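As a plain string of letters, each chain reads:
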Amino acid sequence: MCHRKTYWVLLLAMFLTVGLGACKNRGRDKTRSQEEVIGIRPDSAGVAVVTSLEQLNPANVNTCDYFLGEIDGQPYMLKLESATKTQIDGKFYPIDSTQSIASPTFFTILRNDSSYVLTFDKQSSPVKFAVTIDTAAISGTVTVLDERNREYRLAFNRHRAPLFREAKSTRYREPQSTFTKIPDIRYGKAKGFWTSYPMEDDTNYTKMILKLLPKTAASKKLDLFLDLYTPDDSLQKHPLIVLLHGGAFFFGDKGNRNMREWCEHFAKCGYVVASVNYRLGFAISKSSIQQCGYQAIQDAHAALRYLVANAEEYRIDPDYIFLAGTSAGSITALGAAFMTNENCPPFVAKHKLPKKCGSLHTSGNEYRDKVKIKAIANMWGAVYDLRELNSHRIPVVSFHGTNDKVVPFDHGFPFSGVKSKLGERMFDEMYGSQSIHRYLDSMHVRNKLYPLEGCGHAPYQERNGTLNEHYYFIQDKIQAFFYPELKSKASLKHDDHAPQLYCLDDDAVTNLSWQAEGGLILSVSGNSVRVVWLDDVPKHLLRASGINALGVPFKQEWNLRKACS
């Protein structure tokens with residue numbers, strides 16, 4: 001019975017080739033007349049009836065496409081290899097829903113005088129047929145001329161693969177929308193001297209220091225605040241950038257112009273952006289300066305924990321968190337990413353800071369959510385010990401003036417340009433961006449260093465606070481460096497109980513399209529696809545393209561040849 005049904009599949013191939021144009025014509029929308037396609041005159045009902053291979057015009061035989069259909073309700077797939085006026089060669093595949101792969105059987109149809117013989121698997125049978133066709137389908141009957149003269153009904157259509165569109169979007173690379181600013185969100189409370197002194201309000205640093213020093217006589221409970229900038233769009237999850245301002249752990253504010261403009265820009269591009277105030281101020285002693293830096297890292301952790309704990313409210317995806325900082329803010333960002341309670345610099349234990357201030361992760365608030373950092377933008381920052389970088393494999397993009405005398409470009413003491421060796425007396429030696437870059441290279445961690453040749457400290461703005469070309473260069477490079485981290489890879493699931501079915505494990509994917517090389521897509525539904533693979537094709541590649549939950553386009557390919565073998 002199976003072999004007899006196969007005959008009709010092969011015969012179907014012949015009829016389909018008559019009804020369908022050559023490969024070069026399959027993309028045309030304009031359909032040729034039925035008479036031109038099949039080379040015969042339509043009958044009185046306007047439907048062409050093919051009963052003889054003599055009517056076949058080999059030039060109209062389609063040897064490029066596969067055809068899907070049924071013979072007496074059983075599914076088959078057909079491919080024609082060649083056709084002349086006396087012979088048609090091709091192959092057919094039975095489609096079994098319990099199998100992911102279909103194996104071909106090769107066949108030949110020969111015209112002998114006015115009769116027709118079908119041969120495959122070393123067996124031959126005479127046949128006759130009466131089939132109606134058009135440019136897209138074929139139906140009718142085929143009869144095997146044997147003692148039973150059994151008649152089979154055919155219904156086939158040319159297979160058309162779904163259109164594969166590679167998804168595209170400029171989200172996170174270009175401004176997409178407006179934003180909403182939520183100012184002064186309290187993320188914690190901790191003892192310190194102050195949390196804000198905007199440098200834009202005064203450029204006489206000596207005057208500012210003298211004004212603030214009396215406040216270091218005694219610490220007090222301080223509210224810790226951040227400003228949040230959220231895109232005005234419909235996405236439920238966004239990546240988060242946390243920005244930490246600079247100011248030598250003495251000055252600065254979350255609303256400084258350089259922070260504010262970056263917050264606005266990245267929010268327009270699709271990020272949720274937080275500009276964070278942290279505890280500032282220290283007495284004129286090395287131990288007080290070290291404690292201040294430790295507390296800043298504590299506050300960065302507290303802000304991150306708060307944002308992760310409230311991720312749903314602020315539409316943040318906690319799997320995509322980025323840190324960025326300038327100067328002291330960058331030292332804080334690097335410390336928050338790489339410093340742990342176990343690898344702290346020696347002064348932490350020496351001054352008993354965990355007992356005095358709490359551990360790195362328990363100060364400021366009661367949230368205990370774990371935070372994973374995707375990447376860091378380090379702007380003229382440094383670390384106390386390069387071995388801290390071993391704690392996590394986090395990508396880092398660095399910007400640093402090669403003539404920076406405040407934070408070392410390579411390694412050395414901060415404020416090396418100040419007379420009387422103030423830096424050596426008040427600070428520990430630190431490792432700047434060039435040292436960080438070399439160390440991460442040795443670890444084979446993705447990183448990039450942009451040396452700003454001949455520039456000093458904070459080269460992105462002029463003395464009067466005007467932002468210059470370095471500011472926008474840095475902005476563009478941060479954007480480009482962070483973007484690849486947003487391209488999440490979806491996992492492909494295969495159902496053993498439905499071998500032809502594949503689906504992505506991310507239900508939030510949109511604009512999804514599929515492409516199969518070495519197989520035929522039978523159906524697409526939501527984030528799943530049904531594919532039958534061809535055993536005689538060397539490659540079995542399944543491709544998917546769409547937009548992930550963050551709004552980022554992706555394109556993936558899976559080699560399934562081994563899995564289907």
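Just above, that's the structure.
So, here is what we can say about the structure in this document. Fair warning: this is a prediction, and the values are worked out from it, not measured in the lab.

1. Notes on the side chain of lysine 79
Moving on, step 1. Note that lysine 79 resides in strand S3 (residues 74-83).
Moving on, step 2. One buried charge, lysine 79, has no salt-bridge partner; the nearest side chain with opposite charge is glutamate 81, at 4.4 Å.
Moving on, step 3. A polar contact of 2.6 Å, which involves the side chain of lysine 79, links it to the backbone oxygen of threonine 63.
Moving on, step 4. Apart from the residues lying within four places of it in its own chain, the contact partners of lysine 79 are Thr63, Cys64, Asp65, Tyr66, Gly90, Lys91 and Phe107.

2. Here we look at the side chain of threonine 340
Moving on, step 1. On the secondary structure map, threonine 340 appears in the loop between helix H7 (328-338) and helix H8 (346-350).
Moving on, step 2. Of the residues examined, threonine 340 reaches a relative accessible area of 17% and is grouped as buried.
Moving on, step 3. Setting aside anything within four residues of it in sequence, one finds threonine 340 in contact with Leu360 and Ser391.

3. Comments concerning the sheet that holds strand S11 (residues 179-192)
Moving on, step 1. Strands sit in the order S11-S12-S14-S13-S15-S16-S17-S20 across an open sheet of 8 strands; the sheet is mixed. At either margin of the open sheet sits one strand with a lone partner, and together these are S11 and strand S20 (447-452). Taking each pair of neighbouring strands and ignoring which way they run, the sheet shows an average axis angle of 15 degrees.
Moving on, step 2. Most of the contacts of H7 go to strand S15 (residues 316-326), to which it runs at about 140 degrees, and overall it touches strand S13 (238-244), S15, strand S16 (373-379) and strand S17 (396-401).
Moving on, step 3. Relative to S16, helix H12 (residues 469-482) is tilted by about 160 degrees, and along the sheet it contacts S13, S15, S16, S17 and S20.

4. Considering the pairing of strand S27 (residues 553-559)
Moving on, step 1. Here strand S26 (residues 541-547) runs beside S27; their pairing, made up of 7 bridges, is antiparallel. For isoleucine 547, the partnering residue across the bridge sits in S27 and is proline 553.
Moving on, step 2. Between the antiparallel neighbours S26 and S27 lie 5 residues, among them glycine 551 with a positive phi of about 90 degrees.

5. Section: the packing of helix H4 (residues 257-269) against H12
Moving on, step 1. Interhelical geometry of H4 versus H12 gives an angle of 40 degrees and a closest axis separation of 12 Å. What the angle tells us is that H4 and H12 run oblique. Crossing handedness for the pair H4 and H12: right-handed. For the pair formed by H4 and H12, the contact residues are Arg257, Asn258, Glu261, Trp262, His265, Phe266 and Cys269 on the first element and Tyr471, Tyr472, Ile474, Gln475, Ile478 and Gln479 on the second.

6. A word on the packing of helix H5 (residues 286-309) against H7
Pairs of packed helices are described in terms of their axes, by the angle between the two and the distance that separates them.
Moving on, step 1. Look at H5 against H7: their axes get within 9 Å of each other, and the N-to-C directions meet at 65 degrees. Between H5 and H7, the angle is such that the two are roughly perpendicular. The hand of the H5/H7 crossing is right-handed. Judged by residue contacts, Ala296, Ile297, Ala300 and His301 of H5 engage Thr332, Gly335 and Ala336 from H7.
Moving on, step 2. Looking at the contact of H5 with H7 residue by residue, the class counts come to 4 nonpolar, 3 polar and no charged.

7. So, the environment of arginine 160
Moving on, step 1. Mapped onto the elements, arginine 160 comes out in the loop between strand S10 (151-158) and S11.
Moving on, step 2. The exposure class assigned to arginine 160 is exposed, which follows from its relative accessible area of 54%.
Moving on, step 3. Spatially, the C-alpha atom of arginine 160 lies 8.6 Å from that of phenylalanine 67, the residues being 93 residues apart in sequence.

Quick notes on the rules
Residues numbered from 1 in each chain as written. Predicted model: local features only at pLDDT ≥ 70, side-chain atom pairs only at ≥ 80, totals over all residues. Heavy atoms only, no water. Helix = DSSP H or I, 4+ residues; strand = E, 2+ residues; numbered from the N terminus. Buried < 20%, exposed > 50% of the residue type's maximum accessible area, 1.4 Å probe, protein only. Lys, Arg positive; Asp, Glu negative; His and termini not counted. Salt bridge = Lys/Arg side-chain N within 4 Å of Asp/Glu carboxyl O. Polar contact = N/O pair within 3.5 Å; in protein donor to acceptor, adjacent residues only side chain to side chain. Contact = heavy atoms within 4.5 Å. Pairing = 2+ DSSP bridges. Axes fitted to C-alpha atoms, helices over the stretch in contact; angles between N-to-C directions. Parallel < 35°, antiparallel > 145°, perpendicular 65-115°, else oblique. Left-handed = near helix turned anticlockwise from the far one by under 90°. Nonpolar A, V, L, I, M, F, W, Y, C, P; charged D, E, K, R; others polar.

Remember, this is a structural readout, not a statement about activity or role.
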